[in-house]
Amino acid sequence: MTMRSFGLIRQCCNALVRVPLAREKSPVSLPISHLSRSLTTAAEALKITYDEKSEVATMHLCRKPVNGLSLEFITQISIALEKLENERSCRGVIISSGCDNVFCAGLDINEMLRPTPERLEIFWKTLQDMWLQLFTTRLMTVAAITGHCIAGGCLISSACDHRVMAPNFKIGLNEVKLGIVAPFWLVDSVKNLIGYRQTEWSLMKGHLFSSEDALRLGLVDKVVPQDQVVLQAEADMAEWLQVPDSARHLSKTLMRRDTVVRFRSGREADLKTFVNYIPKESIQKTLHSYVESLKSKK
Ligand code: CO8
């Protein structure tokens, strides 16, 4: 894949990601089937609704079966965030999942299996950009975690401002189980929530926390029954929006500045590491075995 063909992907995704105008309330879905490897067409993968009264958008991640983060899917999310950011009437976004019992299972592992160097590079850059957008957005962000939230899933939830999770699911960074290491900026955003030692310990072990432990540690802010997660997220969002937007955003910027500065100065090196590391034969073998183990557990 060349930069030109990525430009084409972004262009196609852009055409698909339609953020409803303030007066529209119905869900909008987006068509892009030929670019996606998932069982869901890209048309169905991301749905955005906007509620004029609350001034809150909901981004439904619906890339079945597990919201695996492929290049096209990340691009769609990124474009949608950009559009919401620019929609002045929008003050907040709730990120929810349309996949049963899974908020997000992380990166689509297929992106890392026998990749072309060009696609791998664009994939990682796009992921870095999406994380930065979410981590720094002026919008109030709430993750409605109705199921497992693993690795790249935790990247999304930990970049948000507030998290509501259903009980009896798993959340955290399990990258070492795949023979890979989470990038420093993702580690930083988890460390900001649960502190150094818990991050170090769980990172080294690839430990996934139960919802209940995640609540105790601060990796999520509330645990409520699964059918109430979205309602709770909406109620919490309404409460958060009582704080004046600019003061809230400036406070967030202040608190996250160090993480962002570190990210900006290290992102090129991080990209090089990823692009050089993933194609290594030993890593490819481990990734293959991991995928096989996922299939064989059935
Ligand atoms: N990518 C691609 N496919 C996946 C992924 C994934 N991350 N997760 C699951 N799938 C596939 C499964 O293989 C299965 O495919 P098929 O139907 O063809 O057999 C299908 O999705 C459904 O999965 P399950 O049957 O396992 O569904 P369950 O509901 O039983 O379980 C889980 C859901 C708990 C989410 C389970 O699928 C799981 O544990 N998945 C693996 C999650 C994981 O390990 N994610 C880590 C991804 S790597 C990542 O995000 C790293 C970020 C930083 C990288 C740093 C690099 C240097």
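Residues numbered from 1 in each chain as written. Predicted model: local features only at pLDDT ≥ 70, side-chain atom pairs only at ≥ 80, totals over all residues. Heavy atoms only, no water.

Enquirer: Whenever I open this one, the overall build of the protein confuses me. Can you help?
Expert: On a plain count of helices and strands, the protein comes out with 11 helices and 10 strands. Per-residue burial over the protein gives 54% buried out of 298 residues. Taking as baseline every contact in the protein between residues at least 6 positions apart, the subset at least 24 positions apart corresponds to 73%. (Helix = DSSP H or I, 4+ residues; strand = E, 2+ residues; numbered from the N terminus. Buried < 20%, exposed > 50% of the residue type's maximum accessible area, 1.4 Å probe, protein only. Contact = heavy atoms within 4.5 Å.)

Enquirer: Before we go on, may I ask you to explain the environment of Gln198 in this structure?
Expert: Within the secondary structure layout, Gln198 lies in helix α7 (residues 196-205). Taking the C-alpha atoms as reference points, Gln198 and Leu217, separated by 19 residues in sequence, lie 8.3 Å from one another. Ignoring any residue separated from it by four or fewer positions in sequence, one finds Gln198 in contact with Phe209 and Leu217.

Enquirer: So what exactly am I meant to see when it comes to the environment of Cys99 here?
Expert: Along the chain, Cys99 falls in the loop between β3 (92-97) and β4 (102-104). Remark: the alpha-carbon pair of Cys99 and Lys64, spanning 35 residues in sequence, is separated by 6.0 Å. In contact with Cys99, other than residues within four places in its own chain, are Leu61, Cys62, Arg63, Lys64, Pro65, Val66 and Asn67.

Enquirer: I keep staring at the side chain of Arg91 and nothing clicks. Help me out?
Expert: In this fold, Arg91 is placed in the loop between α3 (71-86) and β3. Taking the relative accessible area as the measure of exposure, Arg91 reaches 19% and is therefore buried. In terms of polar contacts, Arg91 uses its side chain to reach the side chain of Asp245, at 2.8 Å. Each residue touching Arg91, except ones within four places of it in the same chain, is listed here: Glu55, Arg138, Leu139, Met140, Leu241, Val243, Asp245 and Arg248. (Polar contact = N/O pair within 3.5 Å; in protein donor to acceptor, adjacent residues only side chain to side chain.)

Enquirer: Honestly, the nonpolar core in this entry has me stumped. Any pointers?
Expert: For soluble globular proteins, nonpolar side chains are generally found buried alongside one another. If you look at the biggest cluster of nonpolar residues, it comprises 86 residues, and the most contacted ones within it are Met59, Ile77, Ile156 and Ile171. Considering each element in turn, this core owes the most residues, 10 residues, to helix α4 (residues 117-136). Non-local contacts of Ile77, meaning those with residues more than four positions away in its chain, are made with Leu46, Met59, Leu61, Leu69 and Met130. (Core = buried A, V, L, I, M, F, W, Y, C linked by side-chain atoms within 4.5 Å.)

Enquirer: What is the right way to look at unusual backbone geometry in this model?
Expert: When glycine is set aside, most residues are seen to have a negative phi, and most peptide bonds are trans. The peptide bond linking Lys64 to Pro65 adopts the cis configuration, its omega dihedral lying at 10°. Mapped onto the elements, Pro65 comes out in the loop between β2 (56-61) and α3. Of note, the phi angle at Glu55 is positive, near 60°, even though the residue is not glycine. Position of Glu55 among the secondary structure elements: in the loop between β1 (46-51) and β2. A relative accessible area of 29% places Glu55 in the partly exposed class. Even without being a glycine, Asn101 presents a positive backbone phi close to 60°. Relative to the helices and strands, Asn101 is located in the loop between β3 and β4. For Asn101, a relative accessible area of 37% corresponds to the partly exposed category.

Enquirer: Is there a simple way to explain the site of the ligand in this structure?
Expert: What surrounds the ligand is a group of 25 residues, the closest being Ala105, Leu107, Tyr290, Lys297 and Lys298. In this structure, Ile109 approaches the ligand through a main-chain N or O atom, which is 2.9 Å from a nitrogen atom. Take Tyr290: an N or O atom from its side chain is 2.5 Å from an oxygen atom of the ligand. Bound to the protein, the ligand loses 79% of the 1,100 Å² it would expose on its own. Elements represented by at least two residues in the shell around the ligand include exactly β6 (148-150) and α11 (281-296). Examining the composition of the shell around the ligand, we find that 3 residues originate from one element, α11, more than from any other. Classifying every residue of the shell around the ligand by side-chain character gives 16 nonpolar, 4 polar and 5 charged. (Near = heavy atom within 4 Å. Areas by Shrake-Rupley, 256 points an atom, 1.4 Å probe, with all protein chains shown as cover. Nonpolar A, V, L, I, M, F, W, Y, C, P; charged D, E, K, R; others polar.)

Enquirer: In this structure, what is going on with the pairing of β1? I would like to understand it.
Expert: Looking down a regular strand, the side chains alternate between one sheet face and the other. Sheet analysis places β1 next to β2, joined by 6 bridges and oriented antiparallel. Each bridged residue has a counterpart across the sheet, and for Tyr50 the counterpart in β2 is Ala57. The hairpin formed by β1 and β2 contains 4 residues between the paired strands, and Glu55 there has a positive phi angle of roughly 60°. (Pairing = 2+ DSSP bridges.)

Enquirer: I would appreciate a short explanation of helix α6 (residues 184-194) in the present structure.
Expert: What sets the pattern is the α-helix's 3.6 residues per turn: residues three or four places apart point alike. Taken as a whole, α6 has its buried residues at Trp185, Leu186, Val187, Asp188, Ser189, Val190 and Ile194. Packing partners of the buried residues in α6 comprise α4, α5 (152-159), α7, β9 (208-210), α8 (211-217) and α10 (245-277).

Enquirer: It is not clear to me how the pattern of salt bridges should be interpreted in this structure. Could you clarify?
Expert: Side chains that carry opposite charge are capable of pairing whenever their charged atoms lie near each other. Evaluation of the coordinates by the stated rule reveals 17 salt bridges. Asp245 is the partner of Arg91 in a salt bridge, and the nearest nitrogen-oxygen pair spans 2.8 Å. Of this pair, Arg91 sits in the loop between α3 and β3 while Asp245 sits in helix α10, placing them 154 residues apart in sequence. Via salt bridges that share partners, Glu55, Arg91, Asp245 and Arg248 belong to a single interconnected network. (Salt bridge = Lys/Arg side-chain N within 4 Å of Asp/Glu carboxyl O.)

Enquirer: Can you walk me through the sheet that holds β9 in this structure?
Expert: What holds strands together in a sheet is hydrogen bonding between their backbones, with the strands either parallel or antiparallel. With mixed pairing, 4 strands are arranged side by side in an open sheet as β4-β6-β8-β9. The sheet is open, and its two edges are formed by β4 and β9, each paired on a single side. In this sheet, adjacent strand axes meet at a mean angle of 30° when their direction is disregarded. Sheet topology places strand β8 (residues 170-172) next to β9; 3 bridges connect them, and they run antiparallel. In the strand pairing of β9, Gly172 is matched with Leu208. Packing against the sheet, α5 makes contact with β4, β6 and β8, and its axis sits at approximately 95° to β6. (Axes fitted to C-alpha atoms, helices over the stretch in contact; angles between N-to-C directions.)

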